[in-house]
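Remarks on the overall topology
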Amino acid sequence: MTISTGIWYHYAVQRRYNGGTTFVDLFFNGTRLAAVSSTNTPSASTNQPIRIGAWDDADTGVYSEFFDGWIDSVRVTKCARYGDVATYTIPDADYPEQAGAPAAIEWLAFDTRDVDIIRSPLVNDSFDRYYWAGDSFIGRPMMNTAARIAAGDEGFYLGVPIPGTAPQVTPPAGADETRAYVYTFVTEYGEEGPPSEPTVIEGGAGTPWVIGMTTTVPDGGFRNVTTKKIYRTVPGNVSTSFFFVAEVPIGTTSYNDNETNETVASNNLLESTNFLEPPSDLQGFVVMPNGYLVGWVGRRLVFSEPYRPHAWPPEYELATEFDIVALGVVGSTLVIATESQPYFGQGISPASFTTQKIDTVEPCLSRRGLVTTTAGVLYPSINGLVLANSSGVNVVTKDLFTKSEWSDLNPSQFFAANLGLQYICFNSSNFGFIIDPENPMQRHVELDNFSGVEGIETDRYSGNVNILAQDRVWEWDPESVIRLQWRWQSKWYQPPKPMNFGAGRLKFEIGDTSNLLPVEEVFKPYDEALFAAVDALPGNLRRLNTLNGQVLGGQPAKPRTGLVPTQPTVIETRQPLGGSLMYDLGFLLLTTLSVRLRVKIMEDSQTERVVFDKQILDEAIFRLPSGFKSDLWQFEMLGNTTVYSLQIAETPNQLAEL
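Residues numbered from 1 in each chain as written. Predicted model: local features only at pLDDT ≥ 70, side-chain atom pairs only at ≥ 80, totals over all residues. Heavy atoms only, no water.

Within the protein chain one finds 6 helices and 43 strands. When the 658 residues of the protein chain are sorted by exposure, 44% land in the buried category. Taking all contacts inside the protein chain whose residues are at least 6 apart in sequence as the whole, residues at least 24 apart take part in 57%. (Helix = DSSP H or I, 4+ residues; strand = E, 2+ residues; numbered from the N terminus. Buried < 20%, exposed > 50% of the residue type's maximum accessible area, 1.4 Å probe, protein only. Contact = heavy atoms within 4.5 Å.)

Below is the structure:
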């Protein structure tokens, strides 16, 4: 590693936890130089200084080995900022000003798409908790609060562990009664876990009964256990249940039980006997309408208690014949997509939940290809895109693709989201498509001008679609964006006999957009800034805000850092695909709403001929050229406005009757 004067470099050091081992990583200019395992435990002390740019070996306050240079834009966070990665994108601008919680943290980021995240099913959850599973980096289901996420604090393991030792009970002298004692761990959020092993002992009728308890919490650094609850049986009671005695801080090692049997018998009963943690290898989960979570591990279908996501009683567990790939919920029905036949499941509670195997072999080929719409659950199978709902399981693309054509789309690599009933899907970082089962005129649209797409999700609050690309979150087709150009091409139409289409008419939005585009205020300064950035950093276009192939009509959904100054209308996200990174300012000043129509025919089996190519400015009937006939026609439109219909006929009179 060689450094030179007069050049800025980016260093980062992080401590991360992976698979039971703590690592310390050193990064230089976005590349990890080393990942060293460490057995040191981070200090919980808050009075130790952080020294940057100097060394105080003996903690005497006498500094030496000063850094000879400039240090700027330092950020310290409470979580492993970069995770287990070999490289990251170097920031191009200062970090935002932060007072308290880091202002730039707006998203939970994971290293895999196979993560399910849900909000607490409690309507008035004062902690605003979130739960997720499928994160391969941590390797087990997690939870955290919205406030902690915003502050950059790491999450906790989902569930509450069982105390590792039974209570140590010292009774009064005598042999008047026999009691059994247990205790449980309780988190800051009121989540109570299963009880310890009981201690049964005989003692006198007096007081106190001294209860000794451990303060060691399994995986304590990843828990938020703050108290313990003590329970005991009541001699002579018709029930052998455990009754609440007291709640004490987690650090309490001993408690004197001076309560009478009559007082304890009127207390609450222990409810968390079977409130086990979820399986540590839980692959994913969904939430059902009645507040309980359903997850899976292989063929096992596991359930939480209603409105208690931390508690997963083993007696609720069911099994499928085949390994589960993904789950989806439509109405009150759980769709269980497996490696073979799908299942439907229903139940107002986990105790009454039942499953039904569907008599059709439609395996789910991609976990992230499964999405839920108002019409049902869609997922890619071997025969096409499957829709599972109350009507059964049907392939909605059977009229669009043969089995071979569908296979060519590589459905095992699908990752998708829904916008209403539209299925928006990618099978790679640069190719995707939209399938709309309800729109016969536009059932399949290819998305072939993208790059760097890593994920796609539907925002469950707004219903909008967000795309993750180039380490940024982009909003799909926002309402505020002014479209510049689009292109649509029809299939080849074959009329019953060769004919000449002699007239046409377009219905579209007409007008002048020159006043809508802030050319001098925004587009011109953008061109100038872009030109300066490219000139200053030749060969580094990937670091610019603008990249041809970004989301069409998209805009970032969070603050961005780039070399080109951000404009209020985010014009860099609306570049003409395949064109220049800079805008033609003269064209923008003259822009009107119009559509360019191109009509092609097939003269023979090999030769295409363009017979019409004009800019349509209004909805008046226009003439097409005559003097020929053809039995194969294709229509192509390019425009910057909304088109409602294209009508074609042999004569203007026929067109007038439409």
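With that out of the way, let us pick up the sheet that holds strand β28 (residues 422–426). The strand order across the open sheet formed by 4 strands is β27-β28-β29-β30, and the pairing between neighbours is antiparallel. Two strands lie at the open edges of the sheet, namely β27 (415–419) and β30 (444–447), each paired on one side alone. Here the average twist between neighbouring strands, direction ignored, is 20°. Direction of pairing for β28 relative to strand β29 (residues 432–435): antiparallel, over a ladder of 4 bridges. Considered in β29, the bridge of Ile424 is made with Ile434. (Pairing = 2+ DSSP bridges. Axes fitted to C-alpha atoms, helices over the stretch in contact; angles between N-to-C directions.)

Following the criterion strictly, the structure yields 21 salt bridges and no others. One salt bridge connects Asp613 with Arg598, and the closest N-O pair in it is separated by 3.3 Å. Of the two residues, Asp613 is situated in strand β40 (residues 608–616) and Arg598 in strand β39 (residues 595–602); the sequence distance between them amounts to 15 residues. We classify Arg598 as partly exposed; its relative accessible area is 22%. Two residues, Lys600 and Glu608, come together in a salt bridge whose shortest N-O distance is 3.4 Å. What emerges from the salt-bridge pattern is a single network uniting Arg140, Asp219, Arg223 and Glu277. (Salt bridge = Lys/Arg side-chain N within 4 Å of Asp/Glu carboxyl O.)

This part covers the packing of aromatic side chains. What the rule picks out here adds up to 20 aromatic pairs. An angle of 20° between the planes, with centres 6.0 Å apart, marks the rings of Phe415 and Phe426 as stacked. Placement of Phe415 in strand β27 and of Phe426 in strand β28 is noted, with a sequence separation of 11 residues between them. Taken together, the ring pairs connect Phe401, Trp406, Phe414 and Phe433 into an aromatic cluster. Here the guanidinium or amino end of Arg113 rests over the ring plane of Phe415, the centre of that ring lying 3.7 Å away. Note that Arg140 overlies the ring of Tyr157, its terminal NZ or CZ placed 4.0 Å from the centroid. (Phe/Tyr/Trp six-rings, centres within 6.5 Å; stacked < 30°, edge-to-face > 60°. Lys NZ or Arg CZ within 6 Å of the ring centre and 35° of its normal.)

Turning to the environment of Ile621, a few remarks are in order. Among the structural elements, Ile621 can be located in the loop between β40 and β41 (622–623). The class for Ile621 is partly exposed, based on a relative accessible area of 36%. Sequence separation of Ile621 and Ile648 is 27 residues, and the distance between their C-alpha atoms is 9.7 Å. If we ignore the near neighbours within four places in the chain, the residues touching Ile621 are Ala503, Gly504, Arg505, Pro652 and Leu655.

Let us now look at the side chain of Lys600. Checked against the element boundaries, Lys600 lands in strand β39. A polar atom in the side chain of Lys600 sits 3.4 Å from the side chain of Glu608. In contact with Lys600, other than residues within four places in its own chain, are Gln489, Trp492, Glu608, Arg609, Val610, Leu632, Trp633, Gln634 and Glu636. (Polar contact = N/O pair within 3.5 Å; in protein donor to acceptor, adjacent residues only side chain to side chain.)

With an omega of 0°, the peptide bond between Thr207 and Pro208 qualifies as cis. In this fold, Pro208 is placed in the loop between β10 (199–203) and β11 (209–212). Backbone geometry places Asp128, a non-glycine residue, at a positive phi of 50°. When you line up the elements, Asp128 lands in the loop between β4 (116–119) and β5 (129–133). Backbone geometry places Asp219, a non-glycine residue, at a positive phi of 55°. Position of Asp219 relative to the elements: it lies in the loop between β11 and β12 (225–232). On the basis of relative accessibility, which here comes to 38%, the residue Asp219 falls in the partly exposed class.

A few words on a nonpolar patch on the surface. Together, Met1, Ile3, Tyr11, Val13, Leu26 and Leu33 make up a nonpolar patch on the protein surface, roughly 630 Å² of accessible area in all. The residue Ile3 is located in the segment before β1 (11–18) in this model. (Patch = residues over 30% accessible without salt bridge, like charges linked within 9 Å, V, L, I, M, F, W, Y side chains within 5 Å. Areas by Shrake-Rupley, 256 points an atom, 1.4 Å probe, with all protein chains shown as cover.)

Right, let's get into empty space enclosed by the protein. One pass over the structure, following the stated rule, counts 2 cavities of 30 Å³ or more. Along the wall of the largest cavity there are 14 residues; nearest its centre are Tyr157, Gly159, Thr187, Glu191 and Asn224. (1 Å grid on protein atoms, 1.4 Å probe; cavity = no way out; pocket = protein on both sides within 12 Å on 5 of 7 lines; lining within 4 Å. Points joined across faces, edges and corners; volume = space filled by probe spheres on them.)

Mean pLDDT over the protein chain: 84, with 83% of residues reaching 70 or higher. Here residues 97–105 is a poorly scored stretch, pLDDT under 50, and it has 13 contacts once near neighbours within four places are set aside; other chains count. Contacts from residues 572–579, a stretch scored under 50 in pLDDT, to residues over four places away or in other chains number 32 contacts. (pLDDT = per-residue confidence, 0-100.)

Taken together, the 3 strands give an open sheet; going across it, the order is β41-β35-β43, and neighbouring strands pair in antiparallel fashion. The sheet is open, and its two edges are formed by β41 and β43 (643–649), each paired on a single side. Relative to β41, strand β35 (residues 503–508) runs antiparallel, the two sharing 2 bridges. Bridging across to β41, Ala503 finds its partner in Arg623.

The pairing of strand β8 (residues 168–170) with β11 spans 3 bridges and is classified as antiparallel. Looking at the pairing, Thr170 lines up with Val210 of β11. With 4 bridges connecting them, β11 and strand β14 (residues 254–257) associate as antiparallel partners. Following the sheet pairing, Ile211 is matched in β14 by Tyr255.

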